[in-house]
Amino acid sequence: LKPTVHSITHTPSIMSGKGKGGRGKGKGKSKGGSTSSASKAGLQFPVARLNRYLRKGKYASRVGVGAGVYMGAVLEYLCAEVLELAGNAARDNKKKTIVHRCVR
């Protein structure tokens, strides 16, 4: 018996970078790669770095795993609020760039 080779023409679907799930250009299910704790929490701020700073800073004798996630979420929210207000101020002044006067 000869093995038959089926040739299937596969045209890859062209999608934007945020097509699947909305979390950037994912390469599917990667077995060996590790996922950062910030991306697990869906944050932009570095959760592991915040956890490390909390531990090294001697703020408490014990620091929980969720402390960095919570702190990252709070910092991200505050930055988003400040940037939104600064963007509105820049737009009111007919500028496209946020400068230090917009943040005041």
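Parameters and conventions
- Residues numbered from 1 in each chain as written.
- Predicted model: local features only at pLDDT ≥ 70, side-chain atom pairs only at ≥ 80, totals over all residues.
- Heavy atoms only, no water.
- Helix = DSSP H or I, 4+ residues; strand = E, 2+ residues; numbered from the N terminus.
- Buried < 20%, exposed > 50% of the residue type's maximum accessible area, 1.4 Å probe, protein only.
- Contact = heavy atoms within 4.5 Å.
- Areas by Shrake-Rupley, 256 points an atom, 1.4 Å probe, with all protein chains shown as cover.
- Expected span 1.5 Å × (residues − 1).

Caption draft 1: Broad picture of the overall build of the chain. The helix and strand inventory of the chain stands at four helices and zero strands. Listed by position from the N terminus, the elements making up the chain come as α-α-α-α. Across the 104 residues of the chain, 11% fall into the buried class. In the chain, 23% of the contacts between residues at least 6 apart in sequence involve partners at least 24 apart. When the accessible area of the chain is evaluated, it comes to approximately 9,800 Å², of which 57% is carbon and sulfur surface.

Caption draft 2: Structural context of helix H3 (residues 66-92). Taking 1.5 Å of rise per residue, 27 residues should cover 39 Å, and H3 covers 39 Å from first to last C-alpha, within 8% of that figure. Of the residues making up H3, those classed as buried are Gly68, Gly72, Ala86 and Ala90. Taken together, the buried residues of H3 touch helix H2 (47-56) and helix H4 (100-103). Following H3 by one or two positions, Lys94 adopts a phi angle in the positive range, close to 60 degrees.

Caption draft 3: How the structure looks around the side chain of Asn51. By the element assignment, Asn51 lies in helix H2. Classification of Asn51 as buried rests on a relative accessible area of 10%. Excluding residues that lie within four positions of it along the chain, Asn51 makes contacts with Val63, Gly64, Val65, Ala67 and Gly68.

Caption draft 4: Molecular detail of unusual backbone geometry. Backbone geometry places Lys58, a non-glycine residue, at a positive phi of 60 degrees. Residue Lys94 is not a glycine yet carries a positive backbone phi of 60 degrees. In this fold, Lys94 is placed in the loop between H3 and H4. Exposure remark for Lys94: the relative accessible area of 75% places this residue in the exposed category.

Treat this as a map of the structure, not an account of what it does.
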